[in-house]
Amino acid sequence: FFSLKRLKRLELSSKSKIEFIGEAPFFGLEDLEYLSLSSNKLDYLPKDLFNGLYKLVFLDLSMNNLTEIVPNDFFYCKYLEDIILYGNSNTASRI
């Protein structure tokens, strides 16, 4: 996604069925404000997943297989207002 620097909205949900995401895949998307990774098969969030998403306001991680989410996962997201987590493990829903 590095060449899409001005992208504001990215929807990778529903039929994507993503099982794995490498470290810092969204780096370079400095203007991204909305990211949906809902309805995939993610079971963890890799380190630095949100590195570079400084303007991210909305994040949807619902309906995955996440079992643990730590507040440091969102270190780079200084403007994050909404995180949707329903449909994951109860542990993941309590950050």
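Here goes a summary of the coordinates provided.

Rules used throughout
- Residues numbered from 1 in each chain as written.
- Predicted model: local features only at pLDDT ≥ 70, side-chain atom pairs only at ≥ 80, totals over all residues.
- Heavy atoms only, no water.
- Phe/Tyr/Trp six-rings, centres within 6.5 Å; stacked < 30°, edge-to-face > 60°.
- Helix = DSSP H or I, 4+ residues; strand = E, 2+ residues; numbered from the N terminus.
- Buried < 20%, exposed > 50% of the residue type's maximum accessible area, 1.4 Å probe, protein only.
- Lys NZ or Arg CZ within 6 Å of the ring centre and 35° of its normal.
- Contact = heavy atoms within 4.5 Å.
- Polar contact = N/O pair within 3.5 Å; in protein donor to acceptor, adjacent residues only side chain to side chain.

Observations regarding the packing of aromatic side chains
Overall, the coordinates contain 4 aromatic pairs when judged by the stated rule. Summarising the aromatic geometry, the rings of Phe 50 and Phe 74 are spaced 5.6 Å apart at their centres and angled 20° between planes, so their arrangement reads as stacked. In this pair, Phe 50 sits in the loop between β2 (34-36) and β3 (58-60) while Phe 74 sits in the loop between β3 and β4 (82-84), placing the two residues 24 residues apart along the sequence. Per residue, the accessibility class of Phe 50 equals that of Phe 74, and both read buried. Connected via pairs of aromatic rings, a cluster forms that spans Tyr 54, Phe 75 and Tyr 76. Against the face of Phe 75 rests Lys 78, its NZ or CZ located 4.2 Å from the ring centre.

A word on the environment of Asp 60
Positionally, Asp 60 belongs in strand β3. Residue Asp 60 is classed as buried on the basis of its relative accessible area of 11%. C-alpha of Asp 60 to C-alpha of Glu 11: the two residues are 49 residues apart in sequence and 9.3 Å apart in space. Excluding its chain neighbours within four sequence positions, the residues that come into contact with Asp 60 are Leu 35, Ser 36, Leu 37, Ser 38 and Ile 84. A polar side-chain atom of Asp 60 sits 2.7 Å from a polar atom in the side chain of Ser 62.

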